Amino acid sequence: MSSDYSVGNGFSKRSRFGGYPSSGGGGLGLYPPTAMKRWKWWNYLAALILTFAVVEAFVLLIGSSILYTMPDQIQIDSRDFRKVEYQGLALDPTAAYKKQIQVYHVTKEFGPASMGGLGMVVTALASAQQKSRTQKVNVVMPYYSMLDKIPDIGIKLFTPLPLEIKDNHGRTQNIVFTVHKFKFAVPQKDSDFENDKRAITPVTVWLIGPGDNYPFDRAFQSKTSQDIYSSPSGLPAEWKDLYFSKAVAAFIQHQNKNDDISLFATAVTRMIDVVHVHGATNALVLHYLQQSIDKGAMGEEPPALIYTLHDYLDELQYSNEIVNVQKFMDRRVHSEDDEEDMFLQMDGISPYCHGHRMFTSAMGIDLADAVTFVSKSMAKDIVEGRLDFYLKELVLGSVLNQAEKNLFIGITNGVDFGKLNPWTMAALREHDLSFPSNEFVGQEEQEILALESTAADGVDDGQARPPAAVGSSHLTIRSAKEAAKYFLYTNGLLTEQDLKRPLVLFVGRFQYNKGLEFFTTASTVIKENGGRFVIMGQPNNFPLRSVTNLERLYKGTVTVIGDAKTQDEWGVYYRAAADFLLVPSLTESFGLIAAEGLLFGSTVISTGVGGLSEFLVDRPNAADARQQQEMAEAEKERQFMPLDQQQQLVEAPREERYNSYLFDPFATDSHSQLTKAIGDAISEWKRMQRKPEEHEEFLIRLVNSAKAMGWDRPGGPVDQYRALYEIALNAIGFNSQSP
């Protein structure tokens, strides 16, 4: 008889849901393993939905966190600006100064701690100013740890100084930093003493050291000059910049005090005449100095403040987080009300704040007694509205305000050929590849080499040594350049066919504004005209593959050298051998590479934009619109000159002055213009190969056009800055000119 109930056999009633009875009388049915593994479709769907929900929740959490921590977008409204007629600097050649003024340059780079163009420019300017003897030059810069590795630099402690900075909780933190100094010797030669027998003293370099508290005790650590802008962990780069700016202002305030002035003195003595600040990263120095001046902490005779913009792209984009700037602000009121104090602080910087960041360039322009840009032609184009540039809305209003007072001045940089020089470079002299000296060119370098030879002969350490080589075995620049090509051939860097081919060289960073979009056209035209194209540069924002592919596409014509080691080892020999230098830049504040190319006897194929237009002279072309405009502007200027000055300004015909082949990068037929420029250049080179004397005269012209841009040339940058300092000093009530 069957039953639904167990009878003493250990089984319980079967589950009503179809489950199987459990053993052992546990009361809960256990499913067999096969039944537990068999999922229905709704089980999979539920698991999928659950997994998707978990992932979505995770993504939402992370996304919300990122969006919350991301700063707000910065919106800068586009606007139209008025146009101002550029006036410029009128030099008085008869001006005489009764006082040697004290100038303090503020910079991140100088001398042995130079990574790029800024260091080269400030070093050359400071040296040329010191040699002029009308200015006593000082330089204020960070105390980079790499300086300690330089033998016999002679760094000495000067003084410790206090500084106030807010901590993360807004409380004042007192730190102490030290100032050291060393003497930077100015290169000199016998001709420097022809008109003035006074000794040329070294430039005093003041080093702002790290603080004594974390994290500022980690400031300015660097192994080489290439990493002076890097910042160690724990110290944000913006904090390092802000710390330097505030410390510089504290040091200058300290230096401008004269505790030795007699109580019975009849006039107040200014200790520092001019503070000359370079670049947007140092613009806040002017803010801190102006605060000290407003509070009377700089004495009755504060210095004149000069600010120089070295470019119109990168510097305009430099900015700091407002919260970081607030850490380095001084209290404006003696009050317990922190909100009121912060309001007053922000009131001074709010015009320069956009979103969460403060842009410093406009502040530097507004606070300076005079502002300079490193190219006269570009300064004029900026003021008169012909130059459009990114983020102009941040600075152009400030620039025009200064221009209306004739205090925005373009002073074109000079060129210092002390290191990169085909006459004096040891690497070229070692292989007898240096340029020759004669009555037309190279006399100054010959004098320098003679001094080096004399110094080497005068060393008495008991060891015999040959005198330093003077001059070159080559009779012509042409011969020296041919020898450089042969040297590269013997080292496997050129082919035998290249010895008779025109060599076109590019030197620069691989970035968009350097005009690399023209490389394909240039490669095609150079190949069609039987030339050789060597591209030497450093990777940047332009796609590297687009450059390196040219070597494959134009095999036998194009060589790309992108590694620093090869460039350091062989770059100078390529420069010496090059017949042409390609500079297809879309923007250039000055164009140092082009000037260096001319010095090495390389004709420049270029766009001639920006500062390049001030020293590149295009081959004669009556149909060229830019040449027509240039002639019209020159004629317009001549109409307002006295007759004697017009006679002095008579220029040689363009046929006797040209040193370049130019094309317009913004024209609709820009690539066609480049094709013609390269074709004309190589065609003329081939013609002059059959006329060595004419070719040598042309090479000498190229070299002399570069040498004409020296820092100390009459009426050049040194004279112009001295005149501008005088204008700024007069504006604040001081005159150093003789009656």
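Residues numbered from 1 in each chain as written. Predicted model: local features only at pLDDT ≥ 70, side-chain atom pairs only at ≥ 80, totals over all residues. Heavy atoms only, no water.

The subject of this paragraph is the overall build of the chain. Across its full length, the chain holds 23 helices and 18 strands. Considering the chain as a whole, with its 739 residues, one finds that 47% of them fall into the buried category. Here the chain displays about 38,100 Å² of accessible surface, and carbon together with sulfur accounts for 54% of that area. (Helix = DSSP H or I, 4+ residues; strand = E, 2+ residues; numbered from the N terminus. Buried < 20%, exposed > 50% of the residue type's maximum accessible area, 1.4 Å probe, protein only. Areas by Shrake-Rupley, 256 points an atom, 1.4 Å probe, with all protein chains shown as cover.)

For the coordinates displayed, the defined rule picks out 20 salt bridges. Between Asp579 and Lys485 there is a salt bridge whose closest N-O contact spans 2.8 Å. Residue Asp579 is found in the loop between helix 17 (564–577) and strand 16 (580–583), and its partner Lys485 is found in helix 14 (residues 477–490); the two are separated by 94 residues along the sequence. There is no split in this pair, since Asp579 and Lys485 are both buried. (Salt bridge = Lys/Arg side-chain N within 4 Å of Asp/Glu carboxyl O.)

A separate point is the sheet that holds strand 11 (residues 370–373). Spatially, 3-4-5-2-1-6-7-11-12 is the arrangement adopted by the nine strands of the open sheet, whose pairing is mixed. With partners counted over all chains shown, the strands left at the sheet margins are strand 3 (156–166) and strand 12 (408–410), one partner each. Each neighbouring strand pair of the sheet contributes to a mean axis angle of 25°, computed without reference to strand direction. In the sheet, strand 4 (residues 172–184) pairs with strand 5 (residues 203–211) via seven bridges, with the strands oriented antiparallel. Counted as the bridge partner of Lys181 is Trp206 from strand 5. Each of strand 1 (101–106), strand 2 (135–142), strand 4, strand 5 and strand 6 (274–278) is contacted by helix 3 (residues 117–132), which is oriented at about 155° to strand 2, the strand it contacts most. (Pairing = 2+ DSSP bridges. Axes fitted to C-alpha atoms, helices over the stretch in contact; angles between N-to-C directions. Contact = heavy atoms within 4.5 Å.)

Attention now goes to the environment of Thr172. One can find Thr172 in strand 4. Sequence spacing of Thr172 and Phe328 is 156 residues, and the spatial spacing of their C-alpha atoms is 9.6 Å. Sequence-distant contacts of Thr172, that is, excluding residues within four places in its chain, are made with Glu164, Ile165 and Lys166.

Moving on, we come to the confidence of the model for the chain. Summarising the model, the chain shows a mean pLDDT of 84, and 78% of its residues fall at 70 or more. Every residue in residues 259–267 is under pLDDT 50, and counting partners more than four places away or in other chains gives one contact. A low-confidence stretch, residues 456–469 stays under pLDDT 50, and its non-local contacts, those more than four residues away or across chains, total ten contacts. (pLDDT = per-residue confidence, 0-100.)

In a beta sheet, neighbouring strands are held together by backbone hydrogen bonds and run either parallel or antiparallel to one another. Pairing is parallel across the open sheet formed by six strands, whose spatial order is 15-14-13-16-17-18. Either end of the sheet is taken by a strand with one partner, and the two such strands are strand 15 (558–561) and strand 18 (660–662). On average, each strand axis in the sheet is inclined to that of its neighbour by 20°, with strand direction left out of account. Both strand 16 and strand 17 (residues 603–606) contribute to a ladder of four bridges, which runs parallel. Pairing of Val583 across the sheet is with Ser606, part of strand 17. Taken strand by strand, helix 15 (residues 519–528) contacts strand 13 (503–510), strand 14 (532–539), strand 15 and strand 16, and its axis lies near 155° from that of strand 14. Along the sheet, helix 16 (residues 544–553) contacts strand 13, strand 14 and strand 15; its crossing angle with strand 15, the most-contacted strand, is approximately 140°.

Another aspect to go through is a nonpolar patch on the surface. On the surface, a nonpolar cluster with roughly 600 Å² of combined accessible area is contributed by Trp41, Trp42, Leu45, Leu48 and Ile49. With respect to the secondary-structure elements, Leu48 resides in helix 2 (residues 41–69). On the basis of relative accessible area, Leu48 is assigned to the exposed category, the value being 57%. (Patch = residues over 30% accessible without salt bridge, like charges linked within 9 Å, V, L, I, M, F, W, Y side chains within 5 Å.)

On to the packing of aromatic side chains. Tallying each qualifying case throughout the model produces 28 aromatic pairs. A ring pair is formed by Trp206 and Phe251, whose centres lie 5.3 Å apart and whose planes are at 45°; its orientation type is tilted. Of this pair, Trp206 sits in strand 5 while Phe251 is found in helix 4 (residues 237–255), placing the two residues 45 residues apart along the sequence. By relative accessible area, Trp206 is classed as buried at 6%. (Phe/Tyr/Trp six-rings, centres within 6.5 Å; stacked < 30°, edge-to-face > 60°.)

All right, on to the nonpolar core then. If you look at the biggest cluster of nonpolar residues, it comprises 112 residues, and the most contacted ones within it are Tyr243 and Tyr307. With nine residues, the single largest contributor to this core is helix 4. When residues no more than four places from it in sequence are discounted, the contact partners of Tyr243 are Leu163, Ile165, Ile175, Phe177, Gly209, Pro210, Gly211, Phe216, Ala219, Phe220 and Phe328. The next biggest cluster of nonpolar side chains, apart from the first, holds 80 residues, and it includes Leu433, Ala483, Val609 and Leu612. (Core = buried A, V, L, I, M, F, W, Y, C linked by side-chain atoms within 4.5 Å.)

It is worth spelling out unusual backbone geometry at this point. With the exception of glycine, the majority of residues adopt a negative phi angle, and the majority of peptide bonds are in the trans configuration. Note the cis peptide between Tyr214 and Pro215, where omega equals 0°. Within the secondary structure layout, Pro215 lies in the loop between strand 5 and helix 4. In this structure, Phe220 takes a positive phi of about 65° despite not being glycine. For Phe220, the position within the fold is in the loop between strand 5 and helix 4. Phi angles above zero are rare outside glycine, and Asp432 is one such case at about 55°. With respect to the secondary-structure elements, Asp432 resides in the loop between helix 12 (426–430) and helix 13 (443–458).

The next subject is helix 14. Taking 1.5 Å as the rise per residue, helix 14 with 14 residues should run 20 Å; its terminal C-alpha atoms sit 20 Å apart, in good agreement. Considered for burial, the residues of helix 14 that qualify are Ile477, Arg478, Ala480, Lys481, Ala483, Ala484, Lys485, Phe487 and Leu488. Buried residues along helix 14 sit in contact with strand 13, helix 17, helix 21 (670–689) and helix 22 (692–707). In the segment just after helix 14, Gly492 is the residue with positive phi, at about 75°. (Expected span 1.5 Å × (residues − 1).)

A few words on the side chain of Thr123. In this structure, Thr123 sits in helix 3. For Thr123, a relative accessible area of 13% puts it in the buried group. Ignoring anything within four residues of it in the chain, the contact list for Thr123 reads Phe110, Gly111, Ser114 and Phe184.

Let us now look at the environment of Lys327. Tracing the sequence through the fold places Lys327 in helix 7 (residues 322–327). When the C-alpha atoms of Lys327 and Gln173 are compared, they prove to be 9.8 Å apart, with 154 residues separating the residues in sequence. Other than its neighbours up to four places away in sequence, Lys327 contacts Ile165, Lys166, Asp167, Asn168 and Trp239. Side-chain polar atoms of Lys327 contact the backbone oxygen of Lys166, separated by 2.7 Å. (Polar contact = N/O pair within 3.5 Å; in protein donor to acceptor, adjacent residues only side chain to side chain.)

With that out of the way, let us pick up the pairing of strand 13. The buried fraction of strand 13 is high, at seven of eight residues. Pairing geometry for strand 13 and strand 14, over eight bridges, is parallel. Of the residues in strand 14, the one forming a bridge with Gly508 is Gly537. Note that the unit made of strand 13, helix 15 and strand 14 has a crossover that is right-handed. As paired strands, strand 13 and strand 16 are joined by two bridges and run parallel to one another. Bridge pairing in strand 16 links Leu505 to Leu581. (Right-handed = clockwise from strand over helix to strand, strands pointing away.)

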